[in-house]
Amino acid sequence: MCQREGLSLQRGMNFQANGRLSIILMSRRPNAPYNDSITDNGTTLIYEGHDEPKSKNSSTPKNVDQPEFLPSGRPTENGKFHRAAQDYKAKLREAEIVRVYEKLFSGVWSYNGRFHLVDSWTEHDGTRNVFKFKLHAIEDDARDEFEHSPELNHRRIIPTNVKLEVWKRDAGQCTKCGASDELHFDHIIPYSRGGTSVTAENVQLLCARHNLQKHDRIE
Ligand SMILES: [Zn+2]
């Protein structure tokens, strides 16, 4: 996944990384460090903000409010995404576009597509305050990298359990050529034509090349 972005992603949240689109990494694995969830029938991601880094002052990050600002007064990644979401709500800007990657298991990431960042807030998780970010999946993401309109209908995210089932069935390889890198989860019948995301039968693994070929053919 990092090849696609042209940078090495060490952090889970990357606001306008390299001056381009923002990127977040999510996980819904049982042992995931943050509580990310999919709601509204698969079209909306609620993403949890990130803790202050483990550090010198020996505090336990999970017991401390997630920070909005660094000691220097500059915003953290939480703070940058929060500012963008609040400015969008105040109609001061367009919705920030965010690429979302999901960790399926160790070393295997899936691209969940682009999302609009539409809201943010803090809430108490029982121990401390955490940031929450609301993102809507952008429909027909593959069609046009640069066109974006909040009026578009929302694309559905393939559920994690379906991805895991497809990954196992297709043995972690492109179903056309057997390549095992740059893999994408492809709807056999596109969602826009009534294909479903919720069963493995309509989803297959394709490498980047075969994924692009298929989209070219549909166009
Ligand atoms: Zn292939």
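So, a few notes on the structure that sits alongside this text. (Residues numbered from 1 in each chain as written. Predicted model: local features only at pLDDT ≥ 70, side-chain atom pairs only at ≥ 80, totals over all residues.)

1. Thoughts on the sheet that holds strand E2 (residues 22-26)
Piece 1. Spatial strand order, E1-E2-E5-E6-E7-E4-E3: seven strands in an open sheet with mixed pairing. Of all strands in the sheet, those with a lone pairing partner are strand E1 (13-14) and strand E3 (37-39), marking the two edges.
Piece 2. Strand direction decides the pairing type here: E3 and strand E4 (residues 44-48), joined by three bridges, are antiparallel. If you follow Thr-39 over to E4, its bridge partner there is Thr-44.
Piece 3. Sheet strands in contact with helix H2 (residues 77-89) are E1, strand E5 (96-105), strand E6 (108-124) and strand E7 (129-137), and its direction is about 75° off that of E6. (Pairing = 2+ DSSP bridges. Helix = DSSP H or I, 4+ residues; strand = E, 2+ residues; numbered from the N terminus. Contact = placed C-beta atoms within 7 Å. Axes fitted to C-alpha atoms, helices over the stretch in contact; angles between N-to-C directions.)

2. Looking at the nonpolar core
Piece 1. In terms of nonpolar packing, the biggest core is built from 35 residues, with Ile-24, Phe-115 and Leu-117 touching the most fellow members.
Piece 2. At five residues, the largest contribution of residues to this core is made by E7.
Piece 3. Leaving out residues up to four positions away in the same chain, Ile-24 has contacts with Gly-12, Met-13, Tyr-47, Val-98 and Val-100. (Core = buried A, V, L, I, M, F, W, Y, C linked by C-beta atoms within 7 Å. Buried ≥ 20, exposed ≤ 12 C-beta atoms within 10 Å, placed from the backbone.)

3. Points about H2
Think of an α-helix as turning once every 3.6 residues; residues three or four places apart then point the same way.
Piece 1. For H2, built from 13 residues, the straight-helix expectation of 18 Å at 1.5 Å per residue is met to within 8% by its first-to-last C-alpha distance of 18 Å.
Piece 2. For H2, every residue scored as buried is listed here: Asn-78, Phe-81, His-82, Ala-84 and Ala-85. The buried residues of H2 occupy an angular sector of 160° when projected down its axis, which confines them to one face.
Piece 3. On its buried side, H2 packs onto E1, E5, E6 and E7. (Expected span 1.5 Å × (residues − 1). Arc of directions from axis to C-beta.)

4. Overview of unusual backbone geometry
Piece 1. The phi dihedral of Lys-91 is positive, around 60°, even though this residue is not glycine.
Piece 2. Overall, Lys-91 belongs to the exposed group, with 7 C-beta atoms counted inside 10 Å.
Piece 3. The phi angle at Ala-171 is positive, at roughly 55°, despite the residue not being glycine.
Piece 4. Position of Ala-171 among the secondary structure elements: in the loop between helix H3 (160-169) and strand E8 (183-187).

5. Some words on the pairing of E7
Piece 1. A large share of E7 lies buried, amounting to seven of its nine residues.
Piece 2. Here E4 runs beside E7; their pairing, made up of five bridges, is antiparallel. For Tyr-47, the partnering residue across the bridge sits in E7 and is Phe-133.
Piece 3. Bridge analysis of E6 against E7 gives nine bridges, and the strand direction is antiparallel. In the sheet register, Glu-123 faces E7, and the bridge partner there is Val-130.
Piece 4. Hairpin geometry of E6 and E7 is characterised by an intervening segment of four residues between the two adjacent antiparallel strands and by a positive phi of about 105° at Gly-126.

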